[in-house]
Amino acid sequence: MTPLSIGLALFCLGAFAFLQYIFGYWNRRGVPQLTPFFPFGNFSDLFLGKASFPKVCETLYERTKQWRLLGGYILLRPILLVNDPQLAKDIMVRDFQHFHDRGTHVDEANDPLSGHLFSLAGEKWKHLRAKLTPTFTSGRLKGMFQTLVDTGEVLQDYMLKCAKNEEVVEIRDVLARYNTDNIASVAFGIQIDSINNPNEPFRQIGRKFFESNFRNNMRIMITFMVPKLSKYLKIKSVDAEVEQFILGMARETLEYREKNGVVRKDMMQLLIQLRNTGTVSVDERWDVETTTKYKKLSIGEVAAQAHVFFLAGFETSSSTMSFCLYELAKNPEIQRKVQAEIDSVTALHEGKVTYDSINEMRYLECCIDETLRKYPPVPVLNRECTQEYKVPDSDITIEKGTAVILQISAMHHDPQYYPDPMRFDPDRFLDPEMKSKPYAPFGDGPRICIGLRMGKIQTKVGLSLMLMKFNFELSGHEEPELVMSPNTFLQTPVDGINLKVSCRK
């Protein structure tokens with residue numbers, strides 16, 4: 001043999017031994033694992049564009065749900081998939097101190113919009129969460145409520161034109177525009193009308209960020225699951241165009257309000273207080289400063305929080321509304337039942353949708369909850385082990401730094417917990433036993449979505465205003481279930497959601 005061939009053979013032998021060692025991590029720790037394949041580990045279908053990250057995770061769950069834990073690999077990085085609902089809840093709630101971070105890539109100096117509440121870790125996350133919590137008190141939600149109704153009435157007028165022309169509407173796009181207008185107002189204090197003007201810059205930015213393509217899917221997956229790769233490759237959390245728009249909008253809004261003494265009941269007002277004085281109001285007034293002191297926010301930190309509230313706020317609400325209307329169109333008897341409730345409740349409130357009236361629409365809330373079960377906005381939740389953790393009732397110890405995936409969507413779809421799981425059945429949420437079942441569409445524990453109440457109110461307002469005026473029917477959906485795109489981290493129907501809208505008699 002020549003020296004070259006010997007060297008090549010030794011290299012191949014070394015590479016094989018290295019991969020055997022890397023891909024044997026979970027075996028050495030006593031955790032069941034499926035056979036990984038170089039270079040993609042257990043996620044070949046994701047990297048080859050055949051399935052989305054949540055779909056790959058759910059497929060792994062279906063094959064291995066008899067195990068509480070499953071060891072897997074993304075590229076060469078070990079990840080731990082949690083199949084057991086009680087252990088998932090422990091990680092989110094009881095043992096939160098061991099899993100308080102997501103392990104996502106944050107680089108506030110070079111990628112300012114990455115430094116938002118969803119991704120931050122440790123003490124910085126803890127302090128910022130405390131700062132922003134007052135945004136969503138009952139009083140402040142009431143203060144924002146009329147904005148949601150006003151935007152909803154613009155949506156009603158738009159849908160009336162569609163109904164008169166017996167149009168088929170791609171409802172996801174329409175509702176994304178509705179929620180874009182809402183969030184632009186409450187997050188930035190800017191009045192826009194993308195419902196009637198789909199090319200509004202805010203709508204274009206939202207569309208660009210959530211565009212269903214392989215690049216966006218990889219960007220999100222790498223940011224969350226292979227953060228070191230983001231650091232080495234300088235992968236930003238958003239495109240340069242999105243970053244410039246959000247930073248510019250935040251700066252312009254701050255300067256305008258400060259120069260003109262404008263005070264509004266929205267999230268931006270709280271961020272302005274924190275930027276200028278490091279104080280927040282603990283009562284329900286918006287123009288006072290209190291002795292609750294925090295470190296002042298930079299313009300990048302203000303922009304990052306506005307950015308995540310804008311994107312998360314419009315996407316989760318518009319998707320939930322769209323999937324709910326799809327299911328109501330698919331199940332007309334449930335649609336009629338919801339409409340009857342809306343009619344009876346609003347009749348007690350002078351025919352209007354009010355803050356009090358939507359809180360009385362119990363069956364509508366059940367429909368929303370069932371939608372969130374079947375189509376959770378965040379199908380999998382990620383955590384990072386921040387201190388060594390011994391798994392209860394086992395000999396397994398999770399090392400610090402381990403990436404952990406909580407199988408939320410898979411548990412929601414498991415017939416063990418939800419009989420006939422793909423059937424849309426809002427009555428599930430009238431059952432007192434629901435509290436014992438796995439259900440966490442927005443997470444749980446200290447890192448539960450901070451805007452959960454705001455999102456639910458926004459969703460209920462939009463749905464109630466539409467269902468009180470219009471009926472919805474499926475158009476062209478022959479398949480039993482929606483087919484989701486493999487090229488997006490979120491649940492995005494390949495052909496959209498097309499509904500025929502008509503006026504109620």
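Cut-offs applied
Residues numbered from 1 in each chain as written. Predicted model: local features only at pLDDT ≥ 70, side-chain atom pairs only at ≥ 80, totals over all residues. Heavy atoms only, no water. Helix = DSSP H or I, 4+ residues; strand = E, 2+ residues; numbered from the N terminus. Rg over C-alpha atoms; globule rule 2.2 N^0.38 Å. Buried < 20%, exposed > 50% of the residue type's maximum accessible area, 1.4 Å probe, protein only. Contact = heavy atoms within 4.5 Å. Salt bridge = Lys/Arg side-chain N within 4 Å of Asp/Glu carboxyl O. Expected span 1.5 Å × (residues − 1). Axes fitted to C-alpha atoms, helices over the stretch in contact; angles between N-to-C directions. Parallel < 35°, antiparallel > 145°, perpendicular 65-115°, else oblique. Nonpolar A, V, L, I, M, F, W, Y, C, P; charged D, E, K, R; others polar.

Enquirer: Would you explain the overall build of the protein in this entry?
Expert: Within the protein one finds 19 helices and 9 strands. Scaling as 2.2 N^0.38, a compact globule of 505 residues should have a C-alpha radius of gyration of about 23 Å, and the protein matches this with 24 Å. Across its three principal directions, the C-alpha atoms of the protein cover 90 × 55 × 45 Å. Every one of the 505 residues in the protein was classed for burial, and the buried ones make up 57%. The contacts in the protein between residues at least 6 apart in sequence include a share of 72% that link residues at least 24 apart.

Enquirer: I tried to follow the pattern of salt bridges on my own but got confused; where do I start?
Expert: Opposite charge on two side chains permits pairing when their charged atoms draw close. This structure, assessed with the given rule, holds 25 salt bridges. Where D84 meets R68, a salt bridge forms, and the shortest distance between an N and an O atom there is 3.9 Å. Here D84, found in the loop between β2 (77–82) and α5 (85–92), pairs with R68, found in the loop between α4 (53–64) and β1 (69–74); they are 16 residues apart in sequence, far enough to count as distant. When salt bridges that share partners are traced, they join D173, R177, R203 and R207 into one network.

Enquirer: What is the right way to read helix α8 (residues 171–188) from this model?
Expert: Counting along an α-helix, one turn takes 3.6 residues, and residues three or four places apart therefore face a common direction. Over its 18 residues, α8 runs 25 Å from end to end, which matches the ideal 26 Å to within 8%, given 1.5 Å per residue. Among the 18 residues that make up α8, 17 are buried, leaving the element largely enclosed by the rest of the structure. Phi turns positive one or two residues past the end of α8, at G189, with a value near 70°.

Enquirer: I'm lost on the environment of T397 in this one. Help?
Expert: Position of T397 relative to the elements: it lies in strand β6 (residues 397–398). Other than its neighbours up to four places away in sequence, T397 contacts R29, E388, Y389 and K390.

Enquirer: Honestly, the packing of helix α15 (residues 332–347) against helix α17 (residues 362–374) in this entry has me stumped. Any pointers?
Expert: Geometrically, a packed helix pair is captured by the angle between its two axes and the distance between the axes. At their nearest, the axes of α15 and α17 sit 8 Å apart, and the two run at 140° to each other. Relative to α17, the element α15 is oriented oblique. Between α15 and α17, the residues in contact are I334, K337, V338 and E341 and R362, Y363, L364 and C367, respectively. Of the residues belonging to the contact of α15 with α17, the class tally is 5 nonpolar, no polar and 3 charged.

Enquirer: Can you help me understand the environment of D150 in this one?
Expert: On the secondary structure map, D150 appears in helix α7 (residues 138–164). For D150, a relative accessible area of 39% translates into the label partly exposed. Here the alpha-carbon distance between D150 and P493, two residues 343 residues apart in the chain, equals 29 Å.

Enquirer: Honestly, the environment of L364 in this entry has me stumped. Any pointers?
Expert: Mapped onto the fold, L364 is located in helix α17. Note on L364: relative accessible area 0%, which makes it buried. Each C-alpha atom, one on L364 and one on N217, is 32 Å from the other, the two residues being 147 residues apart in sequence. Apart from residues lying up to four places away in sequence, L364 is in contact with V338, E341, K460, L463 and S464.

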